[in-house]
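# Analysis of the macromolecular model
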Amino acid sequence: MKLEGQELTANLEFPEGPIAMPDGSVIVVEIAGGRLTRVLPTGALETIATLSGGPNGAAMGPDGKCYVCNNGGFTWLRSETGFLRPTGCAEDYTSGRIEQVDLETGDATILYDRCDDIPLKGPNDIVFDRSGGFWFTDFGKVYDREMDRGAVYYARCDGSLIKEVIFPILTPNGVGLSPDGKTLYVSETETSRLWSYEIVGEGEVLKEPWPAPNGGKLVHGLPGFQ
């Protein structure tokens, strides 16, 4: 069977983190555009919120608000054909953050920009669990000759808890949960590996003592980048 795609809309600036909404629209972040955007079924675009930095991933919380992983911003290279590629850290970068966005008003609030005394570097992707808390990856930040080691965090959407759960992990990107909510999955960009962790409590996972320093079980390794 041949599956054919249809272009619904265009002119988005590095979109990621699609959220399918009950009304048939899709909400995406535009990393290069610094926006949270709604794509209507007609293909029309509506700006929900203009966010500085680099909104990188998004998910709807149990309170009806949208939670955005903001990586703090990139520098960009645009090819002659219009293709965009992130090349480094934005000149006005200060830190990464988790933002809470009211979809009705577009108001954005910084919920977390650090965990204890550790600043968030480049939050990337996010997934909510059944209790209303969320897991998110922090990719780190890449500089000319240096690169942060990444981490995976767990947090509550009321601002009362954030904890570093997995560290170090190299360029953690996508994050997801198994259908029963008992297993956490994390992908790594640079290694193109997928790791799994058994969840044993709120923001707690079992870790393998060997061989990976991140404590995960290797699900699969693929060629190229993840």
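Coordinates for the structure precede this section.
Keep in mind it's a predicted model, so treat the numbers as computed, not measured. Note on numbering: residues in each chain are counted from 1, in written sequence order. Only residues with pLDDT of at least 70 are given local features in this predicted model, and only at 80 or more are side-chain atom pairs given and counted; all residues enter the totals for whole chains, interfaces and linings. Working from all heavy atoms in the structure, the side-chain values ignore hydrogens and water.

### Points about the packing of aromatic side chains
The condition that has to hold: Only the six-membered ring of Trp is used, alongside the rings of Phe and Tyr, when aromatic pairs are assigned; centres must lie within 6.5 Å, and planes under 30 degrees apart are stacked while those over 60 apart are edge-to-face, with the rest tilted. In this scheme, a residue with accessible area under 20% of its type's maximum is buried, one over 50% is exposed, and one in between is partly exposed, where area comes from a 1.4 Å probe on protein chains only.
Taken as a whole and assessed by the stated rule, the structure comprises eight aromatic pairs. Here Phe74 and Trp76 contribute two aromatic rings whose centre-to-centre distance is 5.7 Å and whose plane-to-plane angle is 75 degrees, an arrangement assigned as edge-to-face. Exposure remark for Trp76: the relative accessible area of 26% places this residue in the partly exposed category. Every member of this aromatic cluster is reached through a ring pair, and the members are Tyr67, Phe128, Phe134, Phe136 and Tyr153.

### Section: the state of the cysteines
Chemically, a disulfide is nothing more than a covalent bond linking the sulfur atoms of two cysteines. Here is the rule: Criterion for a disulfide: a pair of cysteine sulfur atoms at a distance within 2.5 Å.
With the rule as written, the count across this model stands at zero disulfides. Not engaged in a disulfide, the cysteine Cys69 finds its nearest cysteine sulfur in Cys66; these two sulfurs lie 9.9 Å apart. The exposure class assigned to Cys69 is buried, which follows from its relative accessible area of 0%. Cysteine Cys115 shares no disulfide, and the gap to the nearest cysteine sulfur, in Cys69, comes to 14 Å.

### Section: a nonpolar patch on the surface
Rules: Only residues above 30% relative accessible area that lack a salt bridge enter a patch, with like-charged residues linked at up to 9 Å and the nonpolar side chains Val, Leu, Ile, Met, Phe, Trp and Tyr linked at up to 5 Å. In this description, accessible areas are obtained by the Shrake-Rupley approach with a 1.4 Å probe, and a residue is regarded as covered only by the protein chains that are shown. Salt bridge, as used here, is a side-chain nitrogen of Lys or Arg placed within 4 Å of a carboxyl oxygen of Asp or Glu. Numbering of helices and strands starts at the N terminus; helices are DSSP runs of H or I of at least 4 residues and strands are runs of E of at least 2.
A grouping of Val142, Met147 and Leu170 is seen on the molecular surface, where their side chains present a nonpolar patch of about 220 Å² in accessible area. Within the fold, Val142 resides in the loop between strand 14 (133-138) and strand 15 (150-156).

### Description of the nonpolar core
So the rule is basically this: We define a nonpolar core as any set of buried Ala, Val, Leu, Ile, Met, Phe, Trp, Tyr and Cys residues linked to one another through side-chain atoms lying within 4.5 Å. It only takes one pair of heavy atoms within 4.5 Å for two residues to be counted as in contact.
Grouped together as the largest cluster of nonpolar side chains are 17 residues, with contacts concentrated most on Tyr112, Ile126, Phe134, Phe136 and Ile162. For this core, the elements supplying multiple residues, two or more each, are strand 6 (66-70), strand 10 (108-112), strand 13 (123-128), strand 14 and strand 15. Sort the elements by how many residues they give to this core and strand 15 lands first, with three residues. Residues within four places of Tyr112 in sequence aside, it is in contact with Arg97, Ile98, Leu120, Phe134, Ala155, Arg156, Gly159, Ser160, Leu161 and Ile162.

### So, the sheet that holds strand 6
Under the convention used in this document: A pair of strands is labelled paired if DSSP reports no fewer than 2 bridges between them. The angle between two axes is taken between their N-to-C directions and runs from 0 to 180 degrees, where each axis is a line fitted to C-alpha atoms and a helix contributes only its stretch in contact.
What the four strands build is an open sheet, ordered 5-6-9-10; its pairing is antiparallel. Where the open sheet ends on each side, the last strands, each with one partner, are strand 5 (55-60) and strand 10. In this sheet, neighbouring strand axes are inclined to one another by 30 degrees on average, regardless of whether the strands run parallel or antiparallel. Pairing analysis gives four bridges linking strand 9 (residues 97-101) to strand 10, with the strands arranged antiparallel. Looking at the pairing, Ile98 lines up with Tyr112 of strand 10.

### Brief notes about the pairing of strand 5
For strand 5, the buried fraction is high: five of the six residues fall into the buried class. Summarising the sheet, strand 5 and strand 6 pair through five bridges and their orientation is antiparallel. For Met60, the partnering residue across the bridge sits in strand 6 and is Cys66. Hairpin remark: strand 5 followed by strand 6, antiparallel, with five residues in the connecting loop; positive phi at Gly64, about 85 degrees.

### Quick word on the environment of Asp158
Condition: Polar contacts here mean pairs of N or O atoms no more than 3.5 Å apart (in protein, one a potential hydrogen donor and the other a potential acceptor; neighbouring residues in sequence count only if both atoms are side-chain atoms).
Mapped onto the elements of the fold, Asp158 is located in the loop between strand 15 and strand 16 (162-169). In this structure, the C-alpha to C-alpha distance between Asp158 and Gln100, residues 58 residues apart in sequence, is 9.7 Å. Within the structure, the side chain of Asp158 is placed 2.6 Å from the side chain of Ser160, a separation counted as a polar contact.

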